[in-house]
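So you can see what is in the structure, the chains are spelled out below.
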Amino acid sequence: MSLMRSLLLAAAQNQWLREHASRYWFVRGTVARFMPGETLDAALAAAESLRSKKIGTVFTHLGENVKDGAEAQQVTKHYLEVLKRIRESSLPAEISVKLTQLGLDLSPDLCFKHLNAIVEGAQKDSTVWVDMEASNYVDATLEIYRRALTAHPNVGLCLQAYLHRTKDDLERLLPLRPSIRLVKGAYDEPPEIAFARKQDVDENYFSLGKLMLQVKKENRCARAAFGTHDVALIKRLAEFAFAEGFVKRDFEVQMLYGIHRAEQERLAGEGCTCIVLVSYGDYWYPWFVRRLAERPANLWFMVRNVFVS
């Protein structure tokens, strides 16, 4: 892992920085590149703009590690409101939730209750995605996901390519016909848990991606979505998919709002399924710094903002 990435991931967990960094205009200015605003209305407006480009949306309300049951209940109510607004607007949009935001640190059963309520509030042809968090939450997340998927086929799970265990986790889920979004991973993990070198992460991602496409072709995976901004990796996976006989609309890429916009529009214009993750809310600092860690070049974009404005 590069020194810059390590420093950024440490900064994401720093309480003092979390409390103070958001006050600086140049930080907030850079955040605007990655999220259209802190409100649901801002997120919905961004989704409308994306729809005009034939790009779908996944909404996520930023937050994690909720320690209060009433707050977890409020998050659940908020997501039910998001689903209502999606229906009213007929948007091609879904949601993605963090289990620690739904009360996982309080009780797995409470968390499942909240997740189940959200899935029941979603349209049956719309996937509710479950984010994967740090490695110490993987087992609990998998268990809750299995419970949810057994009851509802329209639940998807994020898996992280940098974890050594992910191939085994994926294979154990296949009897349930899961929907999977594959990402590289954005937490600070020790080398015995996660690949340390970018090259190794990339190759494991490609290997897992090929497996996802193969099992989707065999109808053992409901959706295979690739959450990455690595254009070279997307090209490799697309070439593999089309060689396996996939039509373009069945090749799905999910990217973050504001990153590689031209690539997003190219994929959608060519007929591939392109979906953009639109994040919003005031709890953006740790999420934002992890995005910088994924792509440290964005740090220099922030630095330039100090001198250009």
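Here's a quick rundown of the structure.

1. Points about the overall build of the protein chain
Phase 1 of the analysis: Counting secondary structure elements, the protein chain contains 13 helices and 8 strands.
Phase 2 of the analysis: Out of the 309 residues belonging to the protein chain, those deemed buried represent 55%.
Phase 3 of the analysis: For the protein chain, restricting intrachain contacts to residue pairs at least 6 apart in sequence, the fraction spanning at least 24 positions comes to 74%.

2. A closer look at helix α6 (residues 108-121)
Phase 1 of the analysis: In this model α6 runs 20 Å from its N-terminal to its C-terminal C-alpha over 14 residues, within 8% of the 20 Å that 1.5 Å per residue would give.
Phase 2 of the analysis: All buried positions along α6 are accounted for by Cys111, Phe112, His114, Leu115, Asn116, Ile118 and Val119.
Phase 3 of the analysis: Contact partners of the buried residues in α6: α5 (69-89), β2 (93-97), β3 (128-130), α7 (138-151) and β4 (155-160).
Phase 4 of the analysis: Two or three places before Asp109, at the opening of α6, Ser107 has a side-chain oxygen 3.2 Å from that residue's backbone nitrogen.

3. Re unusual backbone geometry
Phase 1 of the analysis: Non-glycine residue Lys54 carries a positive phi angle of around 65°.
Phase 2 of the analysis: A positive phi angle, near 50°, is found at Asn65, a position not held by glycine.
Phase 3 of the analysis: Along the chain, Asn65 falls in the loop between β1 (56-61) and α5.
Phase 4 of the analysis: The exposure class of Asn65 is partly exposed, given its relative accessible area of 30%.

4. Remarks on the pairing of strand β7 (residues 252-256)
Phase 1 of the analysis: Burial analysis of β7 places 5 of its 5 residues in the buried class, the great majority of the element.
Phase 2 of the analysis: Burial along β7 is two-sided: Glu252, Gln254 and Leu256 and Val253 and Met255, pointing in opposite directions, are all buried.
Phase 3 of the analysis: Note that strand β6 (residues 223-227) and β7 share 3 bridges and pair parallel. Bridge pairing links Phe226 to Val253 in β7.
Phase 4 of the analysis: Following the backbone out of β6, through helix α10 (residues 231-243) and into the adjacent parallel β7, one traces a crossover that is right-handed.
Phase 5 of the analysis: Relative to strand β8 (residues 273-280), β7 is paired through 5 bridges, and the arrangement is parallel. Among the inter-strand pairings, Gln254 is bridged to a residue of β8, identified as Ile275.
Phase 6 of the analysis: The handedness of the β7 to β8 crossover, carried by helix α11 (residues 261-269), is right-handed.

5. Structural notes on the packing of aromatic side chains
Phase 1 of the analysis: For the coordinates displayed, the defined rule picks out 3 aromatic pairs.
Phase 2 of the analysis: Between the aromatic rings of Phe242 and Phe251, the centroid separation amounts to 5.9 Å while the plane-to-plane angle is 65°, which identifies the pairing as edge-to-face.
Phase 3 of the analysis: Looking at Phe242, the relative accessible area reads 33%, which means it is partly exposed.
Phase 4 of the analysis: One aromatic cluster is present, formed by Tyr205, Phe226, Phe242 and Phe251 through successive ring pairs.
Phase 5 of the analysis: Between Arg261 and the ring centre of Tyr257, over which it is positioned, the NZ or CZ distance is 5.3 Å.

6. Describing the sheet that holds β2
Phase 1 of the analysis: Spatially, β1-β2-β3-β4-β5-β6-β7-β8 is the arrangement adopted by the 8 strands of the closed barrel, whose pairing is parallel. The mean inter-strand angle of the sheet, taken between neighbouring strand axes irrespective of direction, is 25°.
Phase 2 of the analysis: When strand β5 (residues 179-183) meets β6, the two strands line up parallel, connected through 4 bridges. Paired with Arg181 across the two strands is Ala225, which belongs to β6.

7. A word on the packing of helix α9 (residues 198-217) against α10
Phase 1 of the analysis: Two elements in contact, α9 and α10, have axes separated by 10 Å at closest approach and are oriented at 30°. With respect to their mutual orientation, α9 and α10 come out roughly parallel. Considering how the two elements wind past one another, α9 and α10 form a crossing that is right-handed. Facing α9, whose interface residues are Asp202, Glu203, Tyr205, Phe206, Gly209, Lys210, Leu213 and Gln214, α10 presents Leu233, Arg236, Leu237, Phe240 and Ala241.
Phase 2 of the analysis: In terms of residue class, the contact of α9 with α10 is built from 7 nonpolar, 2 polar and 4 charged.

Rules behind the numbers
- Residues numbered from 1 in each chain as written.
- Predicted model: local features only at pLDDT ≥ 70, side-chain atom pairs only at ≥ 80, totals over all residues.
- Heavy atoms only, no water.
- Helix = DSSP H or I, 4+ residues; strand = E, 2+ residues; numbered from the N terminus.
- Buried < 20%, exposed > 50% of the residue type's maximum accessible area, 1.4 Å probe, protein only.
- Contact = heavy atoms within 4.5 Å.
- Expected span 1.5 Å × (residues − 1).
- Polar contact = N/O pair within 3.5 Å; in protein donor to acceptor, adjacent residues only side chain to side chain.
- Pairing = 2+ DSSP bridges.
- Right-handed = clockwise from strand over helix to strand, strands pointing away.
- Phe/Tyr/Trp six-rings, centres within 6.5 Å; stacked < 30°, edge-to-face > 60°.
- Lys NZ or Arg CZ within 6 Å of the ring centre and 35° of its normal.
- Axes fitted to C-alpha atoms, helices over the stretch in contact; angles between N-to-C directions.
- Parallel < 35°, antiparallel > 145°, perpendicular 65-115°, else oblique.
- Left-handed = near helix turned anticlockwise from the far one by under 90°.
- Nonpolar A, V, L, I, M, F, W, Y, C, P; charged D, E, K, R; others polar.

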